[in-house]
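These are the residues of each chain, in order.
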Amino acid sequence: MADDPGSPQVPQSVLEVTAFSPGARDNPHPPLEALRHNCPVMRDEMVKTWFLTRYADIRETVNDRSFVRHPLNAEEGSISRQLIEDDQPRRTSILFLDNPDHARVRPPLAKAFYARIQKMKPQIEAIIDDTIDAAPASGVFDLMAEIAVPIPVLVIARILGVDEDRLPDFRQWSEDVILSLNPVRTPEETARMEKGSHALDAYFTELMDARRTASQDDLITDMVQLQASGDAPLTDDEIRINLGALLVGGNLTTTDLIGNGVWLFLTHPDQLAALKANPALGPQAVEEVLRYEAPVSATSRIVEADRTVAGCPMKARQVVFCSLASANRDESMFEQSERFDITQKRASHVAFGGGPHICIGAPLARMEARRVFEKLFARYPNLSLPPQDLVWRALPFFRGLERLDVKA
Ligand code: HEM
């Protein structure tokens, strides 16, 4: 395709469109747009990765069941290989599990998890309301620290069944295991991550044993009961690692959905006014935040056997990264895609990926964000942004703020 002289310089590497690059960390959208228009299927030999940026290609790729996910299937030197943990390279949650195991493990977990979320909706909303009520009544405070960070971890702790007195430990371990999302972590961070992960496993083992003796109203009880009845053919280790995945997958992402959403509403007062005037727009508003600033900016698939992807020949073991952030701004799919507009009914975004690996936590993230926006803007009718230099997190493939000062 011909170069478009109006667009910014076309990136030559994936690194230029992720949070590795300071420019893209602040605003990844112009370089992604340049790729979408000029090089929608890019090969980056340095990190041995394909990078797709068009909605149609990405939708087709994430939905295609013939790709695999486990990083050990990826070629040496690719970004995906760096996500493998050294001590037990094959051990993985559903996130990187392939069939037949994915099809065995995910359905019972998803069924139990969704039933839990529905049952606990009033408790989840109460946690959100209490956290927002506990934030400062006036003055300037960091929305991330006071609201966006604590809510997802407190909610998942309650769903799982974490004991109140272990909450501080649980929050610390969650922080530590989230380091697994960073493919360029330091050796110290890897050590912290491994320590947190072992502590978490030990605690899940303790809880599973306790729930086998005395059941409680929580997801851990659901899982050990399903296992005992034969309805969930899962080993103890599979239960542990997937409960851990609910933490790793759900905390930072939901934190960023909240933070990105509040930032978007406060920088688009007409949209906040539209939401306040018509609260029924709540669910659509959450979808628009997810589309406009997707908290997870890319997901990946691995080619199993030589084939064509998005019109290009690709080889077995090659990694295909799909830019969800770019797909969600694709102008051929979304009218006025650069406009944050909660009042338009839009086509569905890909912020949660798609196909067999589509985010299992989507219903929970949606439920939390909807309640947070409703409660927050009701409690603080005049919430505003004081002058500040926004700092976006330097974590590749994620999009979220380090802190967000708001004035109550
Ligand atoms: C706004 C919040 C969230 C976003 C943007 C998000 C995004 C994603 C994305 C893009 C994927 C990969 C999908 C694919 O490759 O097709 C994924 C998978 C996953 N997410 Fe989420 N997520 C969010 C919240 C959550 C929550 C709340 C949980 C759990 C409590 C969770 C747990 C998971 C798990 C376990 C997977 C792996 C599913 C599988 O491979 O079968 N996520 N998420």
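Quantities reported herein were computed from a predicted structural model and do not represent experimental measurements.

**Student:** Looking at this structure, how should I read the sheet that holds strand β2 (residues 49–52)?
**Tutor:** Spatial ordering of the open sheet is given by β1-β2-β7-β4, a layout of 4 strands whose pairing is mixed. Strands with a single pairing partner mark the edges of an open sheet, and in this sheet they are β1 (41–44) and β4 (298–302). Taking the axes of each pair of neighbouring strands and ignoring which way they run, one obtains an average angle of 25° across the sheet. As judged from the 4 bridges shared by β2 and strand β7 (residues 319–323), these two strands associate in the parallel manner. By the bridge assignment for β7, T49 is matched with V319. Against the sheet, helix α3 (residues 55–63) contacts β1, β2, β4 and β7, and its axis sits at roughly 125° relative to β7.

**Student:** Would you explain the packing of aromatic side chains in this entry?
**Tutor:** How two aromatic rings sit relative to each other is given by the distance of their centres and the angle of their planes. The tally for this structure, following the rule as stated, stands at 10 aromatic pairs. Pairing W263 with W392 gives two aromatic rings, centres 5.1 Å apart and planes at 85°, and the pair type is edge-to-face. With W263 in helix α11 (residues 236–267) and W392 in strand β8 (residues 391–392), this pair connects stretches of sequence that are 129 residues apart. With respect to burial, W263 and W392 carry one shared label: buried. Centroid distance F265 to F373: 5.6 Å. Interplanar angle 70°. Geometry classified as edge-to-face. Taken together, the residues F265 in helix α11 and F373 in helix α15 (residues 362–379) connect sequence positions 108 residues apart. What links up through ring pairs into an aromatic cluster is the set F265, Y292, F340, F373 and F377.

**Student:** I tried to follow the pattern of salt bridges on my own but got confused; where do I start?
**Tutor:** Opposite charge on two side chains lets them pair, provided their charged atoms get close. All chains considered together, the criterion is met by 37 salt bridges. Between E125 and R371 there is a salt bridge, and its shortest N-O distance comes to 3.3 Å. In this pair, E125 sits in helix α5 (residues 121–134) while R371 sits in helix α15, placing the two residues 246 residues apart along the sequence. With its nearest N and O atoms 2.9 Å apart, the salt bridge here joins D236 to R212. Here D236 is found in helix α11, whereas its partner R212 is found in helix α9 (residues 187–213), with 24 residues between them in sequence. Taken together, the shared-partner salt bridges connect K121, E125, D129, R371 and E374 into one network.

**Student:** Mind showing me how you'd approach the side chain of N242 here?
**Tutor:** By the secondary structure assignment, N242 is in helix α11. In this structure the side chain of N242 is engaged in a polar contact, spanning 2.9 Å, whose partner is the backbone nitrogen of I94. Setting aside anything within four residues of it in sequence, one finds N242 in contact with S93, I94, V105 and L109.

**Student:** Help me out: how do you make sense of the pairing of β4 in this one?
**Tutor:** Remember that side chains alternate between the two faces of the sheet whenever the strand is regular. With 5 of its 5 residues buried, β4 lies for the most part within the structure. Of the two faces of β4, the one lined by A298, S300 and I302 and the one lined by T299 and R301 are each fully buried. One ladder, built from 5 bridges, connects β4 with β7; its direction is antiparallel. Bridging from a neighbouring strand, T299 pairs with C322 of β7.

**Student:** Even after reading the chapter, I still don't get the coordination of the iron atom of the ligand, so can you show me in this structure?
**Tutor:** Expected angles at a metal are 109.5 degrees for tetrahedral coordination by four donors and either 90 or 180 degrees for octahedral coordination by six donors. Counting protein donors around the iron atom of the ligand gives one, C359 (SG), at 2.3 Å. Its place among the elements puts C359 in the loop between α14 (324–327) and α15.

**Student:** Looking at this structure, I do not really get the site of the ligand. What am I missing?
**Tutor:** Taken together, 29 residues are adjacent to the ligand, and H102, R106, T299, H357 and C359 come closest. Within the side chain of R106, one N or O atom sits 2.8 Å away from an oxygen atom of the ligand. At 2.8 Å from an oxygen atom of the ligand is found a side-chain nitrogen or oxygen belonging to R301. Every element with two or more residues in the shell around the ligand is listed here: α4 (101–119), α11 and β4. If one sorts the elements of the shell around the ligand by residue count, α11 sits on top with 6 residues. A breakdown of the residues in the shell around the ligand according to their chemical character gives 17 nonpolar, 10 polar and 2 charged.

**Student:** What's the story with the confidence of the model for the chain in this structure? I'm lost.
**Tutor:** Detailed reading of the predicted coordinates is not advisable wherever pLDDT falls low. With 97% of its residues at a pLDDT of at least 70, the chain reaches an overall mean of 94. The model gives residues 1–5 a pLDDT under 50, and that stretch makes 7 contacts with residues more than four places away or in other chains.

**Student:** When you look at the nonpolar core in this model, what are you seeing that I'm missing?
**Tutor:** One recurring pattern in soluble globular proteins is that nonpolar side chains are buried together. Among the nonpolar cores identified, the biggest contains 107 residues, and L160, F170, V262 and F265 are the most heavily contacted of them. The element that contributes the greatest number of residues to this core is α11, accounting for 13 residues. Once residues lying within four places of it in the same chain are set aside, the contact partners of V262 are L143, F373, L376, F377, L383, L404 and V406. Residues L52, M314, C322 and V350 belong to the second largest nonpolar core, which totals 16 residues.

Each value, and the rule that gives it
- Counting from 1, residues in each chain are numbered in the order their sequence is written.
- Only residues with pLDDT of 70 or above have their local features reported here, since the model is predicted, and side-chain atom pairs are shown and tallied only from 80 upward, although totals for entire chains, interfaces and linings are computed over all residues.
- In computing side-chain properties, one takes all heavy atoms of the structure into account and sets aside hydrogens as well as water.
- At least two bridges found by DSSP between two strands is the condition for calling them paired.
- The helix count covers DSSP runs of H or I at least four residues long, the strand count covers runs of E at least two residues long, and both are numbered beginning at the N terminus.
- Angles here are taken between N-to-C directions and fall from 0 to 180 degrees, while the axes themselves are lines fitted to C-alpha atoms, restricted in helices to the stretch in contact.
- Only heavy atoms matter for contacts: two residues are in contact if any of them lie within 4.5 Å across the pair.
- Two aromatic rings from Phe, Tyr or Trp, using only the six-membered ring of Trp, form a pair when their centres are within 6.5 Å; if the ring planes differ by under 30 degrees the pair is stacked, by over 60 it is edge-to-face, and anything between is tilted.
- Relative accessibility thresholds used throughout: buried, under 20% of the residue-type maximum; exposed, over 50%; partly exposed, between the two (1.4 Å probe, protein chains only).
- One speaks of a salt bridge when a side-chain nitrogen belonging to Lys or Arg is within 4 Å of a carboxyl oxygen belonging to Asp or Glu.
- For the purposes of these results, a polar contact is taken to be a pair of N or O atoms within 3.5 Å, where, inside protein, one atom must be able to donate a hydrogen and its partner to accept one; residues adjacent in sequence count only when each atom of the pair is a side-chain atom.
- Distances define the donors: N, O and S atoms within 2.8 Å of the metal qualify, as do those within 3.2 Å of Na, K or Ca. Water is excluded, so some sites may look unfinished.
- Only a single heavy atom is needed: when it lies within 4 Å of a molecule or strand, its residue is near that molecule or strand.
- Note that Gly is not counted as nonpolar here; it falls among the polar residues with everything else outside the nonpolar set of Ala, Val, Leu, Ile, Met, Phe, Trp, Tyr, Cys and Pro and the charged set of Asp, Glu, Lys and Arg.
- The quantity known as pLDDT measures the predictor's confidence residue by residue, on a range of 0 to 100.
- Residues enter a nonpolar core if they are buried and are Ala, Val, Leu, Ile, Met, Phe, Trp, Tyr or Cys, with the set joined through side-chain atoms within 4.5 Å.

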